[in-house]
Amino acid sequence: MDDRAFRTAMGKFATGITVITTNIAGEAHGMTANAFMSVSLNPKLVLVSIGEKAKMLDKINQTGKFAVNILSEQQQDYSMYFAGQIKDERSIEFDWISEMPVIQDALANIVCTVHSKHIAGDHTLFIGEVTDIVIRDGEPLTFFEGKYGKIVTNQPT
Ligand code: FAD
Ligand code: NAD
């Protein structure tokens, strides 16, 4: 099967956008990801899928920790930047929770320790046990058919 058909089909599944963050020896690293899901309530587990070429993969393997930051509709710039789509180097100010860097003003910061991992093709699935959560009000950034968007709520006329 052709890669483009696969990506086009996967792109029909509308998602939010996260930036995954971690910390190695006091240095923060961030990476945009939409392959994220909630897994279990008891214990509280979430899953992220990290490509084999992403620098993030080695970093999570080393630290055994990561945070998932759910972006708001105002944060498309962060998504593009942490996907390497904006090339200029920036000095990013992170918030810190239990020595983990997290994205400021995200809708949620979800801090995890790696519970288990599974290599699947060219990605590694990390299941994280949630240790800390910060939640904020706001509307999400969305991704559908390879394009960013936002939620439009139908108002009764
Ligand atoms: P880099 O490519 O080196 O880092 C990304 C960018 O962030 C660089 O510009 C870097 O300079 C900057 N940066 C990182 N940390 C800091 C810091 N502390 N201070 C300042 N700048 C910093 N890939 C997946 O594996 N899984 C997914 O689920 C996934 N979903 C995606 C969804 C979307 C909508 C998009 C656009 C991309 C997605 N990707 C996903 C691709 C992934 O985001 C890119 O391949 C990314 O470049 C990989 O990051 P990296 O860890 O290799 O780090
Ligand atoms: P796209 O058309 O490449 O993506 C549409 C959908 O296809 C994504 O939402 C994702 O579900 C799937 N997809 C894309 N690349 C994938 C990959 N390498 N592995 C597994 N699933 C993948 O959209 P786009 O705007 O062209 O994406 C921008 C860049 O971000 C591309 O380089 C793409 O490969 C990358 N990306 C990677 C992943 C991932 O690794 N899981 C997810 C989304 C986007």
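Residues numbered from 1 in each chain as written. Chains lettered and ligands numbered in written order. Predicted model: local features only at pLDDT ≥ 70, side-chain atom pairs only at ≥ 80, totals over all residues. Heavy atoms only, no water.

A. Quick look at the site of ligand 2. Every residue lining ligand 2 is accounted for by Arg4, Arg7, Met10, Gly11, Asn34, Gln85, His123, Phe143 and Gly146. Contact between ligand 2 and Arg4: an oxygen atom at 2.8 Å from a side-chain N or O atom of the residue. One of the side-chain N or O atoms of His123 is found 2.7 Å from an oxygen atom in ligand 2. Protein contact buries 58% of the 660 Å² of open area that ligand 2 shows by itself. It is helix H1 (residues 3-10) that provides the largest number of residues to the shell around ligand 2, a total of three residues. Its residues assigned to classes, the shell around ligand 2 shows two nonpolar, five polar and two charged. (Near = heavy atom within 4 Å. Polar contact = N/O pair within 3.5 Å; in protein donor to acceptor, adjacent residues only side chain to side chain. Areas by Shrake-Rupley, 256 points an atom, 1.4 Å probe, with all protein chains shown as cover. Helix = DSSP H or I, 4+ residues; strand = E, 2+ residues; numbered from the N terminus. Nonpolar A, V, L, I, M, F, W, Y, C, P; charged D, E, K, R; others polar.)

B. Expanded view of the site of ligand 1. Not every one of the 25 residues close to ligand 1 is listed here, only the nearest: His29, Thr32, Gly51, Lys55 and Tyr81. Between ligand 1 and Gly51 there is a distance of 2.7 Å, counted from an oxygen atom to a backbone nitrogen or oxygen. Taking Tyr81, its side chain carries an N or O atom lying 2.7 Å from a nitrogen atom of ligand 1. Contact with the protein chains hides 76% of the accessible area of ligand 1, taken as 980 Å² for the molecule alone. If you map ligand 1 onto the pockets, it falls in the largest pocket. (1 Å grid on protein atoms, 1.4 Å probe; cavity = no way out; pocket = protein on both sides within 12 Å on 5 of 7 lines; lining within 4 Å. Sits in = over half its atoms within 2 Å of the grid points.)

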